[in-house]
Amino acid sequence: MKEYIITCNLNRFNLIEHFKSTPCVMWKQVKNCSVGDIVYVYVGRPYSKLFYKCLVTQADIILSDSEMQKHNYLRNENKDRKYMTLEMKSTLNVEGLDLQSLFAHGLKTVQCSTEINESLESYIKRILKEGGY
């Protein structure tokens, strides 16, 4: 099992509102991602922190034109790329998952999806354990 961080820009797609009505979302797939992997969602401004912990429940999905239209928020994505389904497991409401703290513990970028390195994974798990997750 691998762990990743993906970024959500609320100006492009309001994942917070989406998760209020359903626990699952279709998302562009992270390279080498597979079912059972953990994906943390970094939500940009105004939050600028890890906001969700999700489980990959489906991977390597190729969407048809009609399915792309169904998932309106994917309309500007490449229809030939692979997608994954994420199931939100928890909202991360703890201190220490802000951008500065993540950078200080090994995060390199939030501009694209990234696999979590060992140092950052250890830090996130410690923060979540301290927060009761």
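Preceding this paragraph is the structure being described.
The structure displayed is predicted, hence computed values, not measured ones.

Caption draft 1: Spatial organisation of the pairing of strand 3 (residues 38-43). In terms of burial, strand 3 is a largely internal element, 6 of the 6 residues being buried. In the sheet, strand 1 (residues 3-8) pairs with strand 3 via 6 bridges, with the strands oriented parallel. Within the sheet, the bridge partner assigned to T7 lies in strand 3 and is Y42. Across 6 bridges, strand 3 lies against strand 4 (residues 49-61) in antiparallel orientation. Residue pairing in the sheet places Y40 in a bridge with K53 of strand 4. Counting the residues in the hairpin turn of strand 3 and strand 4 gives 5 residues, including S48, whose phi is positive at 50°.

Caption draft 2: Spatial organisation of the environment of I127. Note on placement: I127 falls in helix 4 (residues 118-130). For I127, a relative accessible area of 8% corresponds to the buried category. Along the chain, I127 and G96 lie 31 residues apart, while their C-alpha atoms are 6.6 Å from each other. Setting aside anything within four residues of it in sequence, one finds I127 in contact with V94, E95, G96 and L97.

Caption draft 3: Structural view of helix 4. With 13 residues, helix 4 ought to run about 18 Å at 1.5 Å a step, and its terminal C-alpha atoms sit 18 Å apart, in line with that. Regarding helix 4, the residues found buried are L120, Y123, I124, I127 and L128. Here the buried residues of helix 4 occupy an arc of 130° about the axis, which is enough to place them on one side. Away from the buried face of helix 4 by more than 90 degrees, exposed residues E118, K129 and E130 are located. Looking at the packing, one finds that the buried side of helix 4 touches strand 1, strand 3, strand 4 and helix 3 (99-104). Its side-chain oxygen placed 3.2 Å from the backbone nitrogen of S119, N117 serves as the N-cap of helix 4. Just past helix 4, the residue G132 takes up positive phi, approximately 90°.

Conventions adopted
Residues numbered from 1 in each chain as written. Predicted model: local features only at pLDDT ≥ 70, side-chain atom pairs only at ≥ 80, totals over all residues. Heavy atoms only, no water. Buried < 20%, exposed > 50% of the residue type's maximum accessible area, 1.4 Å probe, protein only. Helix = DSSP H or I, 4+ residues; strand = E, 2+ residues; numbered from the N terminus. Pairing = 2+ DSSP bridges. Contact = heavy atoms within 4.5 Å. Expected span 1.5 Å × (residues − 1). Arc of directions from axis to C-beta. Polar contact = N/O pair within 3.5 Å; in protein donor to acceptor, adjacent residues only side chain to side chain.

So far we have only geometry, and geometry alone does not tell us how the molecule works.
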